[in-house]
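# Commentary on secondary and tertiary structure
Here's the letter readout for the chains.
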Amino acid sequence: MKKSYRVKKEKDFKALFDAGHSVANRKFVVYSLNRDLPHFRVGLSVSKRLGNAVTRNRVKRRLRHALMDMSSQLEHQDFVVIARKGVEDLSYQDIYSNLVHVLKIAKLYKD
């Protein structure tokens, strides 16, 4: 994923958490904030409660891959995806379907 597609700065995360809208399902929480951008930007948050560094990085890789696979259907907004406990045990297909579900609830995924 290119750097221009990532939310990396603390002030951007803070703006999303303070002014953003949040939705959740059992596996993910998504905070979103509408900004005028030519493409979406995403930040990922995977807690240490999910496992060691290897496990957390595997979850982040799968999330990035799923987001790039669905990039043509995503709205041009900033959003943060927070992984909840249990995501580390899911297959890629399960991660993808749960992510699509929560993004549809957040109105960030268009068919």
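Bear in mind that the values here come from a model prediction, so they are computed numbers and not experimental data. (Residues numbered from 1 in each chain as written. Predicted model: local features only at pLDDT ≥ 70, side-chain atom pairs only at ≥ 80, totals over all residues. Heavy atoms only, no water.)

## Notes on helix α1 (residues 10–19)
Looking at α1, one finds that the buried residues are Asp12, Phe13 and Leu16. Along α1, the residues classed as buried sweep out an arc of 100 degrees about the axis, all on the same side. Exposed side chains of α1 directed beyond 90 degrees from the buried face belong to Glu10, Lys11, Lys14, Asp18 and Ala19. (Buried < 20%, exposed > 50% of the residue type's maximum accessible area, 1.4 Å probe, protein only. Helix = DSSP H or I, 4+ residues; strand = E, 2+ residues; numbered from the N terminus. Arc of directions from axis to C-beta.)

## Considerations on the confidence of the model for the protein chain
Mean pLDDT for the protein chain: 92, with 100% of residues reaching 70 or above. The secondary-structure element of the protein chain with the lowest mean pLDDT is α1, recorded at 90, while helix α3 (residues 92–105) shows the highest, at 96. (pLDDT = per-residue confidence, 0-100.)

## Some points on the side chain of serine 32
Topologically, serine 32 is positioned in strand β2 (residues 28–33). If sequence neighbours within four positions are ignored, serine 32 has contacts with Leu16, Gly20, His21, Gln77, Asp78, Phe79 and Leu108. (Contact = heavy atoms within 4.5 Å.)

## Considerations on the pattern of salt bridges
What the rule picks out here adds up to six salt bridges. Here arginine 41 ties to aspartate 78 by a salt bridge, and the two come within 2.8 Å at their closest N and O atoms. Here arginine 41 is found in strand β3 (residues 41–46), whereas its partner aspartate 78 is found in strand β4 (residues 78–83), with 37 residues between them in sequence. Side by side, arginine 41 and aspartate 78 carry an identical accessibility label, which is buried. Lysine 85 is paired through a salt bridge with glutamate 88; the nearest N and O atoms lie 3.6 Å apart. The exposure class of lysine 85 is exposed, given its relative accessible area of 51%. Shared partners join several salt bridges into a network, and the residues in it are Asp12, Arg35, Arg41 and Asp78. (Salt bridge = Lys/Arg side-chain N within 4 Å of Asp/Glu carboxyl O.)

## Concerning the pairing of β4
Most of β4 sits out of view: five of its six residues are buried. With six bridges joining them, β2 and β4 adopt antiparallel strand pairing. Along β4, the bridge assignment pairs leucine 33 with aspartate 78. Sheet analysis places β3 next to β4, joined by six bridges and oriented parallel. Note that in β4 the partner of serine 45 across the bridge is isoleucine 82. Handedness of the β-α-β unit built from β3, helix α2 (residues 53–69) and β4 comes out left-handed. (Pairing = 2+ DSSP bridges. Right-handed = clockwise from strand over helix to strand, strands pointing away.)

## Section: the sheet that holds β2
Read across the open sheet, the four strands follow the order β1-β2-β4-β3; overall the sheet is mixed. Of all the strands in the sheet, the pair left with one neighbour each is β1 (21–24) and β3. For this sheet the average axis-to-axis angle between neighbouring strands, irrespective of direction, equals 20 degrees. Of the strands in this sheet, β2, β3 and β4 are in contact with α2, which crosses β3 at around 155 degrees. On top of the sheet, α3 reaches β1, β2 and β4; it is set at about 40 degrees to β2, its chief contact. (Axes fitted to C-alpha atoms, helices over the stretch in contact; angles between N-to-C directions.)

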